[in-house]
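Chain and residue survey
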Amino acid sequence: KNKSHNLVIIVGVVIISLTWCFTYYHLNMLYDEVVKSIHYANSQLAVSFQSHVTRIFRQADDFTLYVKNEFEKSSADINRLDAYFNVIGSHSFVSQATISDKDGKVILYLNPSAKDIDMTQTPQFIKQKKATSNMLYIGNTRTPLFADTKIIPISRRLNNPDGSFAGIVSISLSVSEIAKFFDNMFLNPQQGLNLIGFDGVSRVSRFGDKHFFGTDM
């Protein structure tokens, strides 16, 4: 009887152990599937956000390149560009567009609020004046003097025929337009999307239901 009783106990323990092993394996499989699905959803979200941001910045830089080429080709005849500024302004993501001369005086603008601004102390003017190449400069998120909404300035250097500094073309991108991507999105507090520059500064981000701007990462 004792042997039979012990055998029953052993068999019972084996069955319970196998059941727990199966349950543990099954739970791990489910966990792995959930993790994979979350990673996939997050990666798709990041790809969509990247496409949204890339489209905006590419269109804006097309504007700066066109203005730069026309300005340098026409020997600084800004009258040729006046009508084109209206085209730039038709895009909702453009908050402001300006051309400044070598002394920082705004000589062409999209919105009149920028006409009396001294550009010499702005990061984009300082950066482009020192530039040795025709690089695109993307500034940090900030609230400019000409508006009460946050913008991301992008700019290119304008050159005289001899290559000397003639000024800059600058376009201010509306952060609120970029952030519209988040409007119909639910993120839990552990989830976030971040637009970070090579300088390590976040231009715009969202974690959970909170937005952040200009954070040094």
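The text that follows walks through the structure, step by step, so that each part is easy to find. Residue numbers restart at each chain and count upward from 1, following the sequence in its written direction. It should be noted that, the model being predicted, local features are given only for residues of pLDDT at least 70 and side-chain atom pairs only at 80 or more, the latter also being counted only at that level, while totals for whole chains, interfaces and linings use all residues. Just so you know, side-chain values use all the structure's heavy atoms and leave hydrogens and water out.

**Some words on the nonpolar core**
- Nine residue types can take part in a nonpolar core, namely buried Ala, Val, Leu, Ile, Met, Phe, Trp, Tyr and Cys, and a core is a set of them joined through side-chain atoms within 4.5 Å. Using a 1.4 Å probe on the protein chains alone, a residue whose accessible area is under 20% of its type maximum counts as buried, one over 50% counts as exposed, and one in between counts as partly exposed. With 28 residues, the main nonpolar core has Val67, Phe85, Ile88, Ile99, Ile171 and Leu173 as its most contacted residues.
- Secondary structure elements follow DSSP: runs of H or I no shorter than four residues count as helices, runs of E no shorter than two count as strands, and numbering proceeds from the N terminus. Counting residues per element, the ones that place at least two in this core are helix H1 (2–73), helix H2 (79–89), strand S1 (94–101), strand S4 (151–159), strand S5 (165–174) and helix H4 (175–179).
- For this core, the element with the most residues is H1, which contributes eight residues.
- Setting aside anything within four residues of it in sequence, one finds Val67 in contact with Leu81, Tyr84, Phe85, Ile88, Ile99 and Val169.
- Counting seven residues, the second-largest nonpolar core is a separate cluster that includes Ala114, Ile117, Met119 and Phe165. By the convention used here, residues are in contact when the closest approach between their heavy atoms is within 4.5 Å.

**Quick look at the pattern of salt bridges**
- The salt bridge criterion pairs a side-chain nitrogen of Lys or Arg with a carboxyl oxygen of Asp or Glu, the two atoms within 4 Å. Summed over the entire model, instances satisfying the criterion amount to four salt bridges.
- Notably, a salt bridge pairs Asp103 with Lys102, separated by 3.5 Å at the nearest N-O pair.
- A relative accessible area of 51% places Asp103 in the exposed class.
- Given a relative accessible area of 45%, Lys102 falls into the partly exposed group.

**Description of the sheet that holds S5**
- Strands pair, by our definition, only if DSSP identifies at least two bridges between them. With antiparallel pairing, five strands are arranged side by side in an open sheet as S2-S1-S5-S4-S3. A strand with exactly one partner marks an edge of an open sheet, and here the two such strands are strand S2 (106–109) and strand S3 (137–138).
- Of the pairings in the sheet, the one linking S4 to S5 comprises nine bridges and is antiparallel in character. In the strand pairing of S5, Arg156 is matched with Val169.
- Only the stretch in contact is used when a helix axis is fitted, and all axes are lines through C-alpha atoms; the angle between N-to-C directions ranges over 0 to 180 degrees. On top of the sheet, H2 reaches S1, S2 and S5; it is set at about 155° to S1, its chief contact.
- Across the sheet, helix H3 (residues 123–130) is in contact with S1, S3, S4 and S5; its angle to S5 comes to roughly 140°.

**Here's the deal with the side chain of Asp61**
- Along the chain, Asp61 falls in helix H1.
- Within 3.5 Å is the distance limit for a polar contact, defined as a pair of N or O atoms, with the added protein rule that one can donate a hydrogen and the other accept it, and that residues adjacent in sequence qualify only through two side-chain atoms. Separated by 2.7 Å, the side chains of Asp61 and Thr64 make a polar contact.
- In terms of polar contacts, Asp61 uses its side chain to reach the side chain of Arg156, at 2.8 Å.
- Ignoring any residue separated from it by four or fewer positions in sequence, one finds Asp61 in contact with Leu136, Ile154 and Arg156.

**Considering the side chain of Gln96**
- With respect to the helices and strands, the residue Gln96 is situated in strand S1.
- Engagement of the side chain of Gln96 in a polar contact is seen with the backbone nitrogen of Asn111, the distance being 2.8 Å.

**Quick look at H2**
- Every buried residue of H2 is accounted for by Leu81, Tyr84, Phe85 and Ile88. The buried residues of H2 occupy an angular sector of 120° when projected down its axis, which confines them to one face. Turned more than 90 degrees away from the buried face of H2, the exposed residues are Asn79, Ala83 and Asn86. Arc definition: it is the arc formed by the directions from the helix axis to the C-beta atoms.

**Overview of the pairing of S2**
- Pairing geometry for S1 and S2, over three bridges, is antiparallel. Residue pairing for S2: Ser100 is matched across the bridge by Val106.
- Hairpin connection of S1 to S2: four residues between the antiparallel strands, including Gly104 at a positive phi of 85°.

**A few points about the pairing of S1**
- The element S1 is largely enclosed, with a buried count of eight among its eight residues.
- The pairing of S1 with S5 spans seven bridges and is classified as antiparallel. Each residue of the ladder has a partner; that of Asp101, found in S5, is Gly167.

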